[in-house]
Every structure is written in structure tokens, then in C-alpha cells.
Amino acid sequence: MRDEVDALVASWARERPDLDLSAMQVLSRVSRLALHLDRARKEAFSAHRVVAWEFDVLAALRRAGAPYTLSPGALIRETMVTSGTMTNRVDRLVHRGLVTRSADPSDRRGVLVTLTPEGRDTVDGALGSLLDAERRLLSGLSEDEQTQLAGLLRSLGLSFTDLAA
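Note that the coordinates shown come from a computational prediction; the quantities given were computed from them, not determined experimentally.

Asker: Which residues make up helix α2 (residues 22–46), and what are the values?
Answerer: Since the α-helix turns once every 3.6 residues, residues separated by three or four places project in the same direction. Between the first and last C-alpha of α2 there are 37 Å, a value that for 25 residues agrees with the 36 Å anticipated at 1.5 Å per step. Of the positions making up α2, those classed as buried are S28, A40, A44 and F45. On its buried face, α2 sits against α1 (4–15), α3 (52–63) and α6 (117–137).

Asker: So what's going on with the UniProt feature "domain: HTH marR-type" (unreviewed entry) in the protein? Which residues, and what values?
Answerer: Within this structure's numbering, the places UniProt gives as "domain: HTH marR-type" (unreviewed entry) are residues 23–158. The distance separating the terminal C-alpha atoms of residues 23–158 is 17 Å; by composition the span is 69% helix and 12% strand.

Asker: Quick one: what's the story with the layout of surface pockets, residue by residue and with numbers?
Answerer: The volume enclosed by the largest pocket comes to roughly 900 Å³. Looking at the lining of the largest pocket, the elements that each hand over two or more residues are α1, α2, α6 and α7 (143–164). Of the residues forming the lining of the largest pocket, the biggest block, nine residues, is contributed by α2. A breakdown of the residues in the lining of the largest pocket according to their chemical character gives 14 nonpolar, four polar and five charged.

Asker: How would you summarise the sheet that holds strand β2 (residues 99–104) if you had to cite specific residues and measurements?
Answerer: Across a sheet, strands are paired by hydrogen bonds formed along the backbone, either parallel or antiparallel in direction. In spatial order, the strands read β1-β3-β2; together these three strands make up an open sheet with antiparallel pairing. The open sheet has two edge strands, β1 (69–70) and β2, and neither has a second partner. Inspection of the sheet shows β2 paired to strand β3 (residues 107–115) by six bridges, in the antiparallel sense. Paired with V99 across the two strands is L115, which belongs to β3. With respect to the sheet, α3 is in contact with β1, β2 and β3, its orientation differing from that of β3 by roughly 100°.

The rules we used
Think of each chain on its own: its residues are numbered from 1, step by step along the sequence as written. In keeping with the model being predicted, local features are shown solely for residues with a pLDDT of at least 70 and side-chain atom pairs are shown and tallied solely at 80 or more, while totals for entire chains, interfaces and linings include all residues. Only hydrogens and water are set aside; all other atoms, that is, all heavy atoms of the structure, feed into the side-chain values. Put simply, DSSP marks the helices as runs of H or I at least four residues long and the strands as runs of E at least two long, and each gets a number from the N terminus on. Multiplying one less than the number of residues by 1.5 Å gives the expected span of a helix. Relative accessibility thresholds used throughout: buried, under 20% of the residue-type maximum; exposed, over 50%; partly exposed, between the two (1.4 Å probe, protein chains only). We call two residues in contact when some of their heavy atoms are within 4.5 Å. UniProt positions are given in the numbering used here, feature names are shortened, and annotations may be inferred rather than shown by experiment. Cavity: a set of points on a 1 Å grid over the protein atoms alone where a 1.4 Å probe fits but cannot get out. Pocket: an open set with protein on both sides within 12 Å along at least five of seven lines, its lining residues, like those of a cavity, having an atom within 4 Å of a point. Grid points are joined across faces, edges and corners, and a volume is the space filled by probe spheres set on the points. Classification used: nonpolar for Ala, Val, Leu, Ile, Met, Phe, Trp, Tyr, Cys and Pro, charged for Asp, Glu, Lys and Arg, polar for all others including Gly. The rule for pairing is simple: two strands pair if DSSP sees at least two bridges between them. Interaxial angle, 0 to 180 degrees, is taken between N-to-C directions of lines fitted to C-alpha atoms, where a helix line uses only the stretch in contact.

And the structure:
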């Protein structure tokens, strides 16, 4: 079976036979799959009235376990955004009633962000919808193929970690 990437690569091979297009075979497919995943995430999250960045912050708090509380610094590390961006995000989530902000009892200058019951229900619902969507996206692969693909993608991701070091 051929896909649109096969056609794209064949066109480049005809026009530029001097180039090694093997990376394009893989990464153009990853890029196209990322677009499908992004659409599925938006759809899954919109059913729960959240967007991706809100889900990311709520999910970091939920994964922390009871009492679902993290410092802004921990949230920054979990979500890989700047401190100014996190401040803005927490403010917006507080306004929506999905998190609370309180003084850190162990650090007079510190702040803690805590998931509210509504925030927990929201992130739990959004996660369920996301997992359903992701299962649909992977339905063309057997369980063994999914396991193999996960391992290959893990290896690829770890190679980026090595490059950054």
C-alpha cells in the first residue's frame, strides 16, 4: 500500500536523485500523524471545555496524587513553559474554578497550586476521551505493532535527549 508520503518522496527522488530521502520517509509520516493527533486531542478536550494547555496543567496536578498540589516551579518543569506563562495559566485556571492558589506553609514566599474537585472531574473526563481517541487512531495496528512502535519512538525520543546533553 502507498500513501501520500510515498508520492511526495517519489517526486523528490525524481527531482533530486542526489539526496538521501530516507529520513523524510519516517519524519514526514510522524509530522502528518501529529496533525491527526492534534485534531483528536482538540476534539476530546473540547467535549470537556478545556484546551490542550489547560489539560497539561490539570494533568500534571492530577498525576501528582492526592492532595493534587504542586508548586508553580514543579508545574513549569512538568509542562516545560516559562514562569510568566505559568503564572498566566494558573490565573486563568483559578478564574475558572479548576485550581486554587494558596500560600505554601513551608515557605512564606512560596505558593501552591491545587486541583479543585471540578478540576479533577474535568481532567479525568478529558483523559478518558483522549484515550478513546488515541485508541481509535491506533486501531489500524495490532497490539504487538503498537508495542513495537512505542519502543521505536521511545528510542528516537531518547536520541534527542542524548543530543541535548
